[in-house]
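Tertiary structure, described
Residue strings, one per chain:
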Amino acid sequence: EAQVTQNPRYLITVTGKKLTVTCSQNMNHEYMSWYRQDPGLGLRQIYYSMNVEVTDKGDVPEGYKVSRKEKRNFPLILESPSPNQTSLYFCASSLRASGTNTQYFGPGTRLTVL
Amino acid sequence: GIQVEQSPPDLILQEGANSTLRCNFSDSVNNLQWFHQNPWGQLINLFYIPSGTKQNGRLSATTVATERYSLLYISSSQTTDSGVYFCSGTYKYIFGTGTRLKVLA
């Protein structure tokens, strides 16, 4: 089944404790991205990747890191989480960034930073 | 950057009613899509519609790219249509803030 998976689905952590949220897709998509969703703000893009080893900042990259060493994986890293990073996070992928491309989303990761 | 405005922000319907949701972009976009976020938070693709009209069951969408807007029509609404509807565009997938729909039985 074609899908985007994220882990963990729920995470409660404390300020400053490094964490990684994994994202994997099995559709051989080139384009992957991370979003955070906050009440009243919709979805805002954190980082995106056009292909392996090609990443770029979205609208709200501060406090986050990403890497794209393999085509299927795009982990989101919070080196020193803070309470303002409490949010619902989505990973997404599409075949390419341009052209006729539908974007597919993972199930979401609800992160709470105390 | 490109701004995306969705209207109305909130909508309450009686089951069986029809509705139109609108998405305006401040500049031309490509990769325009409509999504539905169900009450469990899952984001579901509804339409990829950079231009023209598409229909899928009770839902249809029209994009007028030259005028930078898109419409989502929901006919004979059902309680399962409840949730938040987002439009999105450009290669950076800019999202609107959504229309929150509640359909009452």
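The structure we're discussing is the one just above.
Residues numbered from 1 in each chain as written. Chains lettered and ligands numbered in written order. Predicted model: local features only at pLDDT ≥ 70, side-chain atom pairs only at ≥ 80, totals over all residues. Heavy atoms only, no water.

Moving on to the overall build of chain A. Helices and strands together make up the secondary structure of chain A, namely zero helices and eleven strands. Ordering the α and β elements of chain A from the N terminus gives β-β-β-β-β-β-β-β-β-β-β. Taking 13 Å as the expected radius of gyration for a compact globule of 114 residues, we find that chain A reaches 13 Å, a close match to that expectation. Burial status across chain A gives 49% buried among its 114 residues. Of the contacts formed within chain A by residues at least 6 apart in sequence, a portion of 54% connects residues at least 24 apart. Carbon and sulfur atoms provide 51% of the accessible area of chain A, an area that totals close to 5,400 Å². A distance of 4 Å separates the average location of the 13 positive side-chain charges in chain A from that of its 9 negative side-chain charges. (Helix = DSSP H or I, 4+ residues; strand = E, 2+ residues; numbered from the N terminus. Rg over C-alpha atoms; globule rule 2.2 N^0.38 Å. Buried < 20%, exposed > 50% of the residue type's maximum accessible area, 1.4 Å probe, protein only. Contact = heavy atoms within 4.5 Å. Areas by Shrake-Rupley, 256 points an atom, 1.4 Å probe, with all protein chains shown as cover. Lys, Arg positive; Asp, Glu negative; His and termini not counted. Charge placed at Lys NZ, Arg CZ, Asp CG, Glu CD.)

In this section: the interface of chain B and chain A. On the chain A side, the residues contacting the 16 residues of chain B number 25 residues. When the two sides are added together, the surface that chain B and chain A hide from each other amounts to roughly 1,600 Å², 53% of it contributed by carbon and sulfur. Where chain B packs against chain A, one counts zero salt bridges. Across the chain B-chain A interface, the total number found is three residue pairs in polar contact (both at pLDDT 80 or more). Mapped by element, the contributors of at least two residues to the side of chain B that touches chain A are β4 (33-37), β5 (43-48) and β10 (94-95) of chain B. Classifying every residue of the side of chain B that touches chain A by side-chain character gives eight nonpolar, seven polar and one charged. (Buried area = accessible area lost by both parts, 1.4 Å probe. Salt bridge = Lys/Arg side-chain N within 4 Å of Asp/Glu carboxyl O. Polar contact = N/O pair within 3.5 Å; in protein donor to acceptor, adjacent residues only side chain to side chain. Nonpolar A, V, L, I, M, F, W, Y, C, P; charged D, E, K, R; others polar.)

Residues and elements named next belong to chain A. Among the structural elements, Ile-77 can be located in strand β8 (residues 76-78). Taking C-alpha positions, Ile-77 is 6.0 Å from Leu-19, a pair spaced 58 residues apart along the chain. With residues up to four places along the chain from it excluded, the contact list for Ile-77 reads Lys-18, Leu-19, Thr-20, Gly-63, Tyr-64 and Lys-65.

What follows deals with the sheet that holds strand β7 (residues 65-66) of chain A. All names here are of chain A. Pairing is antiparallel across the open sheet formed by four strands, whose spatial order is β1-β3-β8-β7. Looking at strand neighbours, the two that pair on one side only are β1 (4-7) and β7, the edges of this open sheet. As defined by bridge partners, β7 adjoins β8 across two bridges and the pair is classed as antiparallel. Residue Val-66 lies in a different strand from β8, and its bridge partner there is Leu-76. (Pairing = 2+ DSSP bridges.)

Turning our eyes to something else, we now look at unusual backbone geometry. Following Asn-7 of chain A, the chain continues into Pro-8 of chain A via a peptide bond in cis, with omega recorded as -5°. You can see Pro-8 of chain A is positioned in the loop between β1 and β2 (10-13). Of the consecutive residues Ser-7 of chain B and Pro-8 of chain B, the connecting peptide bond is found in the cis state with omega at -10°. Following the sequence through the fold, Pro-8 of chain B ends up in the loop between β1 (4-7) and β2 (10-14). For Asn-28 of chain A, which is not glycine, the phi dihedral falls at a positive 60°. Relative to the helices and strands, Asn-28 of chain A is located in the loop between β3 (19-25) and β4 (31-38). Take Asn-28 of chain A: its relative accessible area is 52%, and that puts it in the exposed class. Non-glycine residue Arg-68 of chain B carries a positive phi angle of around 60°. Turning to its location among the elements, Arg-68 of chain B is positioned in the loop between β7 (59-64) and β8 (69-74). Residue classification places Arg-68 of chain B among the partly exposed residues on the basis of a relative accessible area of 36%.

Moving on to the environment of Thr-55 of chain A. Residues and elements named next belong to chain A. Structurally, the position occupied by Thr-55 is in strand β6 (residues 54-57). For the pair Thr-55 and Phe-74, spaced 19 residues apart in sequence, the C-alpha separation works out to 9.8 Å. With residues up to four places along the chain from it excluded, the contact list for Thr-55 reads Tyr-48, Ser-49, Val-66, Arg-68 and Phe-74.

Turning our eyes to something else, we now look at the state of the cysteines. Disulfide: a covalent bond connecting the sulfur atoms of a pair of cysteines. For the coordinates displayed, the defined rule picks out two disulfides over all chains. One disulfide bridge connects Cys-23 of chain A with Cys-91 of chain A, the sulfur atoms lying 1.8 Å from each other. Between Cys-23 of chain A and Cys-91 of chain A the disulfide shows an S-S torsion of about -70°. By sign, it is left-handed. With Cys-23 of chain A in strand β3 and Cys-91 of chain A in strand β9 (residues 87-94), this pair connects stretches of sequence that are 68 residues apart. The pair formed by Cys-23 of chain A and Cys-91 of chain A is uniform in burial state, with each residue classed as buried. Shown here is the disulfide that connects Cys-23 of chain B with Cys-87 of chain B, its sulfur atoms set 1.9 Å apart. (Disulfide = S-S within 2.5 Å.)

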